[in-house]
Amino acid sequence: MVGYSLVFSLAVAVTSVLARPPPPCTSSTAAPAPTSSVPVGKRDPKGLDALAQRKKRFFGCAFDHYHIPDQPYTQLVLAQFGQLTAENSLKWESTEPTRNNFTYTNGDLIVKTAKKNKMTFRAHVLVWHSQLPAWVTAGNFTKNELISVMKNHIVNVAGHYRGDVATWDVVNEVFNEDGTFRSTVFYNTIGAEFIDIAFKTAKKADPHAVLAINDYNIDGLGPKSTAMVNLVKSSRSRGIPIEQIGAQAHLVVGTLPTNIRENWQQFADTGAQVAITEIDIRMPTPPTAASLAQQAADYKTVVSACLAVRKCVGLTLWVASDKYSWVPGVFAGEGAPLPWDENLNPKPAYYSIVEALKA
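Parameters and conventions
Counting restarts for each chain, with residues numbered from 1 along the sequence as it is written. A pLDDT threshold of at least 70 governs which residues receive local features in this predicted model, and a stricter bar of 80 or more applies before side-chain atom pairs are shown or counted, although totals over entire chains, interfaces and linings include all residues. Side-chain descriptors were evaluated using all non-hydrogen atoms of the structure, hydrogens and water having been removed beforehand. Each residue gets one of three labels from its accessible area relative to the maximum for its type: buried under 20%, exposed over 50%, partly exposed in between, using a 1.4 Å probe on protein chains only. A run of DSSP states H or I qualifies as a helix once it reaches four residues; a run of E qualifies as a strand once it reaches two. Both are numbered from the N-terminal end. When DSSP locates at least two bridges between a pair of strands, those strands are taken to pair. Criterion for a disulfide: a pair of cysteine sulfur atoms within 2.5 Å. Residues are treated as being in contact if the distance between any of their heavy atoms lies within 4.5 Å. Throughout this description, a polar contact denotes any pair of N or O atoms lying within 3.5 Å of each other; where both atoms belong to protein, one of them has to be capable of donating a hydrogen while the other can accept it, and for residues adjacent in sequence the pair is counted only when both atoms sit in side chains. A carboxyl oxygen of Asp or Glu within 4 Å of a side-chain nitrogen of Lys or Arg is what we treat as a salt bridge. Note on definitions: angles span 0 to 180 degrees between N-to-C directions of axes, and those axes are lines fitted to C-alpha atoms, for helices only across the stretch in contact. Angular relationships are summarised with four words: roughly parallel below 35 degrees, roughly antiparallel beyond 145, roughly perpendicular across 65 to 115, and oblique for the angles in between. For a crossing to be left-handed, the near helix must be turned anticlockwise from the far one by less than a right angle; the clockwise case is right-handed. Under the convention adopted here, Pro, Cys and the residues Ala, Val, Leu, Ile, Met, Phe, Trp and Tyr are nonpolar, Asp, Glu, Lys and Arg are charged, and Gly plus all remaining residues are polar. Residues belong to a common nonpolar core when they are buried Ala, Val, Leu, Ile, Met, Phe, Trp, Tyr or Cys residues joined through side-chain atoms within 4.5 Å. Stacked, tilted and edge-to-face are the three classes assigned to paired rings of Phe, Tyr and Trp, where Trp is represented by its six-membered ring and a pair needs centres within 6.5 Å; plane angles under 30 degrees give stacked, over 60 edge-to-face, the rest tilted. In this scheme, the term charge over a ring applies when either NZ of a lysine or CZ of an arginine sits within 6 Å of the ring centre and within 35 degrees of the ring normal.

Undergrad: Quick question: what am I supposed to make of the pairing of strand E9 (residues 312-317) here?
TA: A regular strand places its side chains on the two faces of the sheet in alternate fashion. With five of six residues buried, E9 is to be regarded as a mostly interior element. Pairing of strand E1 (residues 58-63) with E9 involves four bridges; the strand directions are parallel. The residue of E9 that forms the bridge with Cys61 is Leu317. Relative to E9, strand E8 (residues 273-284) is paired through four bridges, and the arrangement is parallel.

In structure tokens form, the structure reads like this:
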């Protein structure tokens with residue numbers, strides 16, 4: 001957690017609650033000691049992914065190596081979901097902590113877990129301004145040098161997992177709330193073309209994976225969503241392989257945009273797939289009966305919106321249980337954002353998701 005404190009501080013400092021960027025989405029609850037063994041579970045034929053599959057969608061969950069020793073939680077994840085996303089183990093600081101020193105042990109374990117349990121795997125993330133090692137952020141590289149560094153990272157990491165990944169988050173969180181490009185080491189040094197370069201490099205490294213651009217606060221209509229649409233349209237018209245738009249959906253109970261379906265439909269109208277990639281819906285804590293009921297209604301809204309957009313291919317929770325949510329460590333007085341509580345009991349939100357999937 002110490003390594004993420006700077007990002008957390010920056011997130012909390014932003015004025016608008018809805019405009020706050022999600023930090024690294026790591027657990028605020030101490031996780032069990034890591035393990036190297038591959039867990040095996042049994043898929044629940046009435047679980048969320050089983051129900052989603054009937055709608056030709058998937059239902060996934062962020063999961064990582066440090067969750068595995070918690071056997072009840074791990075078995076819940078393996079029973080309920082059909083796709084895993086490594087919560088932290090494929091981020092740049094984890095895969096290339098020092099230049100040309102690539103480490104895959106933890107990522108390999110999650111990939112093996114997905115394969116062993118006949119799940120698909122979403123790889124997160126190749127190029128992101130956060131959770132970067134200092135050698136990248138403070139390297140003072142020239143434009144050509146940083147292009148070389150970025151391409152080398154993509155070639156090695158995506159190449160290592162070639163054939164094992166359903167979808168890559170290639171580029172993450174490139175926009176400010178007003179739709180302008182975020183100031184990052186990649187944008188400031190290379191310019192907006194870093195996005196083109198990243199996608200073209202990723203396609204060569206792992207040609208069969210779907211390539212996604214991912215961002216937060218693009219759930220409703222607005223300047224940030226418009227910027228995403230314009231970028232994807234322009235990129236695809238030039239042959240850049242942006243094949244999916246990922247909407248993170250870090251949301252707040254009772255404040256959902258009223259035009260989520262319309263917004264995600266405009267994403268689909270670009271020709272790209274749409275996926276809902278990091279869902280959680282936080283609330284003031286402790287929860288009340290009223291806030292839990294509103295959360296249930298909000299989860300139903302999100303799931304129903306995806307089901308109403310033909311090219312929305314699936315949904316992913318950013319972990320399954322409140323026990324491992326990043327929210328309380330970042331937003332003081334807020335939490336309880338997932339469909340299972342800290343004791344792994346299903347909340348009203350779980351039943352509302354089931355209801356939406358059965359509709």
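Undergrad: How should I be thinking about the state of the cysteines in this particular structure?
TA: Formally, a disulfide is one covalent bond, and it connects the sulfur atom of one cysteine to the sulfur atom of another. Applying the stated criterion to the full structure yields one disulfide. Bridging Cys306 to Cys312, the disulfide has an S-S length of 2.2 Å. Handedness here is read from the sign of the S-S torsion; for Cys306 and Cys312, about -105 degrees, the answer is left-handed. For Cys306, a relative accessible area of 0% puts it in the buried group. Judged by its relative accessible area of 1%, Cys312 falls in the buried class.

Undergrad: I tried to follow helix H3 (residues 71-80) on my own but got confused; where do I start?
TA: An α-helix turns once every 3.6 residues. As a result, residues three or four positions apart point the same way. Burial analysis of H3 places seven of its 10 residues in the buried class, the great majority of the element. Of all the positions in H3, only Tyr73, Thr74, Leu76, Val77, Leu78, Ala79 and Gln80 are classed as buried. Against the buried residues of H3 lie helix H2 (48-54), E1, strand E2 (83-86), helix H5 (105-116) and helix H13 (348-358).

Undergrad: So what exactly am I meant to see when it comes to the side chain of Thr277 here?
TA: With respect to the element layout, Thr277 can be found in strand E8. Using a relative accessible area of 2% as the deciding quantity, one classes Thr277 as buried. Separated by 2.8 Å, the side chains of Thr277 and Asn214 make a polar contact.

Undergrad: Help me understand the pattern of salt bridges, please; the structure alone is not making it clear to me.
TA: Should the charged atoms of two oppositely charged side chains come close, the side chains can pair. In the structure shown here, the tally under the stated rule is 13 salt bridges. Residue Lys323 is joined to Asp70 by a salt bridge in which the shortest nitrogen-to-oxygen separation is 2.7 Å. Of this pair, Lys323 sits in the loop between E9 and strand E10 (334-335) while Asp70 is found in the loop between E1 and H3, placing the two residues 253 residues apart along the sequence. The exposure class assigned to Lys323 is partly exposed, which follows from its relative accessible area of 25%. Glu193 is paired through a salt bridge with Lys143; the nearest N and O atoms lie 2.7 Å apart. Note that Glu193 is positioned in helix H9 (residues 193-205) and Lys143 in helix H7 (residues 143-160), a separation of 50 residues in sequence. Given the relative accessible area of 35%, Glu193 is considered partly exposed. Looking at Lys143, the relative accessible area reads 35%, which means it is partly exposed. Each of the salt bridges in this network shares a partner with another, and the network as a whole consists of Glu177, Asp215 and Lys224.

Undergrad: How should the environment of Trp318 be read in this particular structure?
TA: Position of Trp318 among the secondary structure elements: in the loop between E9 and E10. Sequence separation between Trp318 and Asp215 is 103 residues, and the spatial gap between their C-alpha atoms is 14 Å.

Undergrad: In this structure, what is going on with the packing of helix H10 (residues 223-237) against helix H11 (residues 260-268)? I would like to understand it.
TA: What describes two packed helices is the angle between their axes and the distance between those same axes. Running from amino to carboxyl end, H10 crosses H11 at an angle of 15 degrees, the nearest separation of the two axes being 9 Å. Between H10 and H11, the interaxial angle falls into the category roughly parallel. The element H10 and its partner H11 pack so that their crossing is left-handed. The segment H10 lies against H11, with Ser225, Met228 and Val229 engaging Asn263, Gln266 and Phe267. Looking at the contact of H10 with H11, its residues break down into three nonpolar, three polar and no charged.

Undergrad: I'm lost on the nonpolar core in this one. Help?
TA: With 110 residues, the main nonpolar core has Phe59, Tyr73, Phe81, Phe121, Trp168, Trp264 and Ile276 as its most contacted residues. Those residues in contact with Ile276 that sit more than four places away from it in its chain are Ala247, Ala249, Trp264, Val302, Cys306, Cys312, Gly314, Leu315 and Thr316.

Undergrad: Please explain the packing of helix H12 (residues 289-308) against H13 as it appears in this structure.
TA: With their axes 8 Å apart at the nearest point, H12 and H13 run at an angle of 30 degrees to one another. By the angle class used here, H12 and H13 are roughly parallel. In the packing of H12 onto H13, the handedness of the crossing is right-handed. Across the interface between the two elements, Leu292, Gln295, Ala296, Tyr299, Lys300, Val303, Ser304 and Leu307 of H12 pack against Pro348, Ala349, Ser352, Ile353, Glu355, Ala356 and Leu357 of H13.

Undergrad: Sorry, what's going on with the packing of aromatic side chains here?
TA: Two aromatic rings, taken as a pair, are described by how far apart their centres are and by the angle between their planes. Summed over all chains, the structure comprises 15 aromatic pairs. With 5.7 Å between their ring centres and 90 degrees between their planes, Tyr104 and Tyr161 make a pair best called edge-to-face. One end of the pair, Tyr104, is in the loop between helix H4 (92-95) and H5; the other, Tyr161, is in the loop between H7 and strand E4 (167-172), with 57 residues separating them in the sequence. Taken as a pair, Tyr104 and Tyr161 share a single burial class, namely buried. One aromatic cluster in this structure is built from Phe59, Phe81, Trp340, Tyr350 and Tyr351. Lys224 extends its terminal NZ or CZ atom over the ring of Tyr216, reaching a point 3.5 Å from the ring centre.

Interpretation note: all reported values are geometric properties and have no functional meaning in isolation.
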